[in-house]
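Notes for the structure review
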Amino acid sequence: ATTLGAAAQQSGRYFGTAVAAGRLGDSTYVGILNREFDMVTAENEMKMDATEPNQGQFSYGNADRIVNQARNQGKRIRGHALAWHSQQPGWMQNMSGTALRNAMLNHVTQVATYYRGKIYAWDVVNEAFADGSSGGRRDSNLQRTGNDWIEAAFRAARAADPGAKLCYNDYNTDDWSHAKTQGVYRMVQDFKSRGVPIDCVGFQSHFNAQSPVPSNYQTTLQNFANLGVDVQITELDIEGSGSAQASNYDRVTRACLAVTRCTGITVWGIRDTDSWRASGTPLLFDGNGNKKAAYTSVLNALNAG
Ligand code: G3I
């Protein structure tokens, strides 16, 4: 196959990208998007601050632009993200206790209901675990509403859109030996054992020199899959250039292909200049929209798999 999406489809997988509504008027950007990718994630437009800027007043304009563009092109959509300690609207940031718990659950219910039937997978909860050696939850206003806030969010999402896969999504969970990875693993294991509705785990996979692709990355994906969930690479970017970057992209792609329940890969933007880490040139297309060596290595890996 000659495009990322078509190459991924050969093994029943998808290849997606993050999309920013503000770039949908850029013909180079949209040309690459339409040609190469078969899954789309809104980079910011479905987050809590974007979709509920005032409590009880929902705003879907920018998210809908992305959803409609994708659906018109026959692409599927990953929803990102229903509940998160970050990018909360101002009114939510200072809430606590039962009021916050109810506001969060109402947000999950409203947004998942609005998009019911249109979302392949939702990042129901994003980045709820702490970095470092504790393996525990991150402190946040949501966490302080009680440790069961994550499962409550998953149950609300399932009730609102029974057809969407429900994912837990996080970063620095790629190395099997890290305490954070183990903490998320234990939560998923617990949810599966108690029937909390979770279908997938997202590995953001933002890699650079400080946080390289771990040697046990495939092991991590496989161990989570063995719990009975799909795994997805949800925000992939790898800083670097040339053959070193290409070989890291090759490794990540092959790791997914080697895990039956790794259902797809999403890169976090299209051109290097579209990236949140633009100076690290972490994506598959350069600023002019030309294919990089990293692109070719991913395409070849997908075609070989
Ligand atoms: O749109 C405003 C613009 O009007 C304003 O002039 C400008 C000034 O700061 O800000 C613009 O908003 C920025 C927005 O990106 C759009 O560019 C926000 O400040 C900025 O905080 C926001 O950053 C996003 C970041 O999440 C926020 O947490 C990045 O685009 C987005 O790529 C990034 O994505 C996250 C995932 O959601 C979760 N995992 C990590 C990943 C990378 O940080």
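All values derive from a computational prediction rather than experimental measurement.

**Quick notes on the layout of surface pockets**
- Roughly 320 Å³ of internal volume is contained in the largest pocket.
- Lining the largest pocket are 18 residues, with E127, Q204, H206, E235 and W276 sitting closest to its centre.
- Residues of the lining of the largest pocket, tallied by class, amount to four nonpolar, nine polar and five charged.
- Size it by volume and the second largest pocket reaches roughly 170 Å³.
- If you go around the second largest pocket, you meet 13 residues; those closest to its centre are N172, D174, D175, H178 and S211.
- Classifying every residue of the lining of the second largest pocket by side-chain character gives three nonpolar, six polar and four charged.

**Description of the environment of V231**
- Mapping V231 onto the fold places it in strand 8 (residues 230-238).
- Classification of V231 as buried rests on a relative accessible area of 0%.
- Sequence-wise, V231 and S59 are 172 residues apart; in three dimensions their C-alpha atoms are separated by 30 Å.
- Look past the residues within four positions of V231 in its chain and what remains in contact with it is V201, F203, L221, F224, A225, V259, R261, C262, T263 and G264.

**Considering the packing of aromatic side chains**
- Considering all chains together, one arrives at 14 aromatic pairs under this definition.
- Between F207 and Y217, the aromatic rings sit 5.7 Å apart at their centres with planes inclined by 80 degrees, giving edge-to-face as the arrangement. Of this pair, F207 sits in strand 7 (residues 206-207) while Y217 is found in helix 9 (residues 217-225), placing the two residues ten residues apart along the sequence. Accessibility classification places F207 together with Y217 in one group, the buried group.
- Through a chain of ring-to-ring contacts, the aromatic side chains of F58, Y60, Y114 and Y115 assemble into a single cluster.

**Things to note about the site of the ligand**
- For the ligand, the set of nearby residues contains 13 residues, the closest of which are E43, K47, H80, Q87 and E235.
- Taking K47, its side chain carries an N or O atom lying 2.7 Å from an oxygen atom of the ligand.
- A distance of 2.9 Å separates an oxygen atom of the ligand from a polar atom in the side chain of W268.
- A breakdown of the residues in the shell around the ligand according to their chemical character gives three nonpolar, six polar and four charged.

**Some remarks on the nonpolar core**
- Ranked by internal contacts, the top residues of the largest apolar core, which has 90 residues, are F15, W122, V125, F154 and L284.
- Residue contributions to this core peak at seven residues, all from helix 7 (residues 149-160).
- Ignoring any residue separated from it by four or fewer positions in sequence, one finds V125 in contact with A83, W149, I150, A153, F154, C167, Y168 and N169.
- Ranked by size, the runner-up nonpolar core spans six residues in total, among them M39, Y120, A121 and C167.

**Comments concerning the side chain of T51**
- Note on placement: T51 falls in helix 3 (residues 48-51).
- Apart from residues lying up to four places away in sequence, T51 is in contact with E45, M46, Q57, F58, S59, Y60, H107 and V111.

**Looking at helix 2 (residues 27-36)**
- Along helix 2, the residues that are buried comprise Y29, V30, I32, L33 and E36. Projected down its long axis, helix 2 shows its buried positions confined to an angular sector of 160 degrees, all on one face.
- For helix 2, the secondary structure elements touched by its buried residues are helix 1 (4-9), strand 1 (14-19), strand 2 (39-42), helix 4 (61-72) and helix 11 (293-304).
- By the N-cap criterion, in which a side-chain oxygen at the helix start approaches the backbone nitrogen of a residue two or three places on, helix 2 is capped by D26, the distance to T28 being 3.0 Å.

**Thoughts on the environment of C256**
- When you line up the elements, C256 lands in helix 10 (residues 242-257).
- Placed 120 residues apart in sequence, C256 and G136 show a C-alpha to C-alpha distance of 27 Å.
- Beyond its immediate stretch of four places on either side in the chain, C256 contacts R13, L221, I233, C262, G264 and I265.

**Digging into the confidence of the model for the chain**
- This prediction gives the chain a mean pLDDT of 98; 100% of its residues lie at or above 70.
- Our summary of model confidence lists the complex with pTM equal to 0.98 and ipTM equal to 0.94.

**Considerations on the state of the cysteines**
- Summed over all chains, the structure comprises two disulfides.
- Note that C167 is cross-linked by a disulfide to C200, the S-S spacing being 2.1 Å. In this structure the cystine formed by C167 and C200 twists about its S-S bond by roughly -90 degrees; its chirality is therefore left-handed. Taken together, the positions of C167 in strand 5 (residues 165-170) and C200 in strand 6 (residues 200-203) put the pair 33 residues apart, joining distant regions of the chain. Both residues of the pair, C167 and C200, count as buried.
- With a sulfur-sulfur separation of 2.1 Å, C256 is cross-linked through a disulfide to C262. Taking the sign of the torsion about the S-S bond as the criterion, the disulfide between C256 and C262, at about -100 degrees, is left-handed.

Basis of the calculations
- Residues numbered from 1 in each chain as written.
- Predicted model: local features only at pLDDT ≥ 70, side-chain atom pairs only at ≥ 80, totals over all residues.
- Heavy atoms only, no water.
- 1 Å grid on protein atoms, 1.4 Å probe; cavity = no way out; pocket = protein on both sides within 12 Å on 5 of 7 lines; lining within 4 Å.
- Points joined across faces, edges and corners; volume = space filled by probe spheres on them.
- Nonpolar A, V, L, I, M, F, W, Y, C, P; charged D, E, K, R; others polar.
- Helix = DSSP H or I, 4+ residues; strand = E, 2+ residues; numbered from the N terminus.
- Buried < 20%, exposed > 50% of the residue type's maximum accessible area, 1.4 Å probe, protein only.
- Contact = heavy atoms within 4.5 Å.
- Phe/Tyr/Trp six-rings, centres within 6.5 Å; stacked < 30°, edge-to-face > 60°.
- Near = heavy atom within 4 Å.
- Polar contact = N/O pair within 3.5 Å; in protein donor to acceptor, adjacent residues only side chain to side chain.
- Core = buried A, V, L, I, M, F, W, Y, C linked by side-chain atoms within 4.5 Å.
- Arc of directions from axis to C-beta.
- pLDDT = per-residue confidence, 0-100.
- Disulfide = S-S within 2.5 Å.

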